[in-house]
Amino acid sequence: MKIFLVGFMGSGKTHWGQRLAAKLGMPFYDLDSLIVEKENRTVAEIFAEKGEEFFRFLEKETLEAITDNQESFILSCGGGTPCFFNNIEFMKKNGKVIWLNTAVDVLRQRLQRERLSRPLIAEVSEDELQRYIIRKLSERRMYYQQADVTVSEENTNLDELIRLLLQNEQPDRLKEEL
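Parameters and conventions
Residues numbered from 1 in each chain as written. Predicted model: local features only at pLDDT ≥ 70, side-chain atom pairs only at ≥ 80, totals over all residues. Heavy atoms only, no water. Axes fitted to C-alpha atoms, helices over the stretch in contact; angles between N-to-C directions. Helix = DSSP H or I, 4+ residues; strand = E, 2+ residues; numbered from the N terminus. Parallel < 35°, antiparallel > 145°, perpendicular 65-115°, else oblique. Contact = heavy atoms within 4.5 Å. Nonpolar A, V, L, I, M, F, W, Y, C, P; charged D, E, K, R; others polar. Buried < 20%, exposed > 50% of the residue type's maximum accessible area, 1.4 Å probe, protein only. Pairing = 2+ DSSP bridges. 1 Å grid on protein atoms, 1.4 Å probe; cavity = no way out; pocket = protein on both sides within 12 Å on 5 of 7 lines; lining within 4 Å. Points joined across faces, edges and corners; volume = space filled by probe spheres on them. Arc of directions from axis to C-beta. Salt bridge = Lys/Arg side-chain N within 4 Å of Asp/Glu carboxyl O.

A. Molecular detail of the packing of helix 4 (residues 52–69) against helix 5 (residues 87–94). At a minimum axis separation of 11 Å, helix 4 and helix 5 run at an interaxial angle of 5°. If you check the angle between helix 4 and helix 5, you find them roughly parallel. In this structure, helix 4 contributes Lys60, Leu63, Glu64, Thr67 and Asp68 to the contact, and helix 5 contributes Asn87, Phe90, Met91 and Asn94. Its residues placed into classes, the contact of helix 4 with helix 5 shows three nonpolar, three polar and three charged.

In structure tokens form, the structure reads like this:
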């Protein structure tokens, strides 16, 4: 079973991915962390030195490698992962995609605290942050909406997340793991 968590930056993909992996006894991976480990530099450094296009290529390459080399996992994807190189189709073909749909106000609160560590918003002022989130979400929504399961992140819990996965015709293996 391969589960891909998608959603805007700050939507809780890593938080829920770690909890879901622990509950299901599956390995957890964070796509950005895999890239950082492979490149031996931070995402911000990759963006600054090589640009977003280079990063998106690394992201695709790493996504495909982990998917091809691991039988089972939960993967927290970057906020833009599903939006480039037909990654959303690749993920849907190879596993189940969960969209953590988080309210703009919640995203803004979370991202204000993390702005400097996130290259796409490091230069965005606090006043502009909400407008940036709304604009980017509107661009990405068509990709996120292709997910197999949509979860209102701030109103969910681990049991509800698992119930939604089961409700969406998960393989018997996942049911057995529970």
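Next comes the rest of the description.
B. Examining the pairing of strand 1 (residues 2–6) more closely. Most of strand 1 is tucked away: five of the five residues are buried. Residues of strand 1 alternate between two faces, with Lys2, Phe4 and Val6 on one and Ile3 and Leu5 on the opposite face, all of them buried. Examined bridge by bridge, strand 1 and strand 3 (residues 73–76) share four bridges and lie parallel to one another. Bridge assignment links lysine 2 to a residue of strand 3, and that residue is phenylalanine 73.

C. Spatial organisation of the layout of surface pockets. In this structure, the largest pocket encloses a volume near 500 Å³. Surrounding the largest pocket, 26 residues form its lining, Met9, Asp32, Gly78, Gly79 and Arg118 being those nearest its centre. Secondary-structure elements contributing two or more residues to the lining of the largest pocket are helix 1 (13–24), helix 2 (31–39), helix 3 (43–50) and helix 4. Of the residues contributing to the lining of the largest pocket, the split by class is eight nonpolar, 11 polar and seven charged.

D. The arrangement of the pairing of strand 3 in detail. A two-sided burial pattern is seen for strand 3, the buried positions comprising Phe73 and Leu75 on one face and Ile74 and Ser76 on the other. Direction of pairing for strand 2 (residues 28–30) relative to strand 3: parallel, over a ladder of three bridges. Note that in strand 3 the partner of tyrosine 29 across the bridge is leucine 75.

E. The sheet that holds strand 3, seen in detail. An order of 2-3-1-4-5 is seen for the five strands of this open sheet, with the pairing classed as parallel. The two strands at the open ends of the sheet, each matched to only one other strand, are strand 2 and strand 5 (149–152). Ignoring strand direction, the axes of neighbouring strands in this sheet form an average angle of 20°. Contacts from helix 2 reach strand 2 and strand 3 within the one sheet, and its direction differs from that of strand 2 by about 70°. Packed on one face of the sheet, helix 4 meets strand 1, strand 2 and strand 3 and runs near 170° to strand 3.

F. Structural view of helix 3. Along helix 3, the positions that sit buried rather than exposed are Val43, Ile46 and Phe47. Here the buried residues of helix 3 occupy an arc of 100° about the axis, which is enough to place them on one side. Across from the buried face of helix 3, at angles greater than 90 degrees, the exposed residues are Ala48 and Glu49. Here the buried face of helix 3 lies against helix 2 and helix 4. Once helix 3 finishes, glycine 51 follows within two positions and takes phi at roughly 90°, a positive value.

G. Focus on the pattern of salt bridges. In this structure the tally under the stated criterion is 14 salt bridges. A salt bridge links arginine 41 to glutamate 39, with the shortest nitrogen-to-oxygen separation between them at 3.0 Å. Aspartate 148 serves as the salt-bridge partner of lysine 92, at 3.1 Å between the closest nitrogen and oxygen. Here lysine 92, found in helix 5, pairs with aspartate 148, found in the loop between helix 7 (126–144) and strand 5; they are 56 residues apart in sequence, far enough to count as distant. Via salt bridges that share partners, Glu39, Arg41 and Glu49 belong to a single interconnected network.

Geometry only, nothing functional implied.
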